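Geometric and topological summary
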Amino acid sequence: MKIPPCVIIGGGGHARVVLDILFLSKLGQPQAIIDSDKSRHGSKLCDVPIVGGDEALDNLKDIHHFVMGIAGAGNNAPRMRLYKMALEKGLKPLTIIHPGAIVSPQAAIADGVQIFPGAIINAGATIGENVIVNSRAIVEHDVIVNAHAHIAPGACVCGAVQVGEGAHVGAASVIRQGIKIGTRAIVGIGAVVLNDIAEDTTVIGNPARTN
């Protein structure tokens, strides 16, 4: 099977891990990186050239796939905007899964999903478009993670939880079974969520409470 050439959107630390997954999994062949930080233009990340900003996408004539190289520490709107921009330019998102992740064949994985080292996605889970399931995060059975959300490192999302579009589930947090996390909600680092969270709401602590 031919490995598709791809561009990485974003050239920071998240992109470094994304590149590592691509090198290990052979799911894409990174040819170029774009980044808004002009000081990075002309340099390389993991031997892949950073060729310019968003405008450089129009010059990549032989590349038809992309991978998001930015994450988001709460605000997933920039990643969602750039993802949609790439789609509008006719690029296709690659789904990348680290070889060390465990993904049930009974899970549904959408386009553009990123599953990092040690992550576990169990049977019946549904992972939406452009979702990040970060290192050692656990997404249990029958969980629904809607598009553009981020399950941060070490988070544990218990069975039948619903995570809203663009929400952020913080590192090492625990979400009780059956909870609903609203659109763009933010769960703080280490929070223990025992009750539903409304959209555009931030919660912290154990038990989690509104910030």
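Below is a summary of the structure that appears in this document. Treat the numbers as computed from the prediction; the structure is a model and nothing was measured.

1. Concerning unusual backbone geometry
Note the cis peptide between N206 and P207, where omega equals -5°. Along the polypeptide, P207 turns up in the loop between β24 (202-204) and β25 (209-210). A positive phi angle is found at C46, which is not glycine, with a value near 55°. Here C46 lies in the loop between β3 (44-45) and β4 (48-52).

2. With respect to the sheet that holds β25
Two strands in a sheet stick together by hydrogen bonds in their backbones, pointing the same way (parallel) or opposite ways (antiparallel). Pairing in this open sheet of eight strands is mixed, and the strands run β7-β10-β13-β16-β19-β22-β24-β25 from one edge to the other. Each of the sheet's edge strands pairs with one partner strand only, and the pair in question is β7 (96-97) and β25. Strand direction decides the pairing type here: β7 and strand β10 (residues 114-115), joined by two bridges, are parallel. If you follow I97 over to β10, its bridge partner there is I115.

Definitions and limits used
Residues numbered from 1 in each chain as written. Predicted model: local features only at pLDDT ≥ 70, side-chain atom pairs only at ≥ 80, totals over all residues. Heavy atoms only, no water. Helix = DSSP H or I, 4+ residues; strand = E, 2+ residues; numbered from the N terminus. Pairing = 2+ DSSP bridges.

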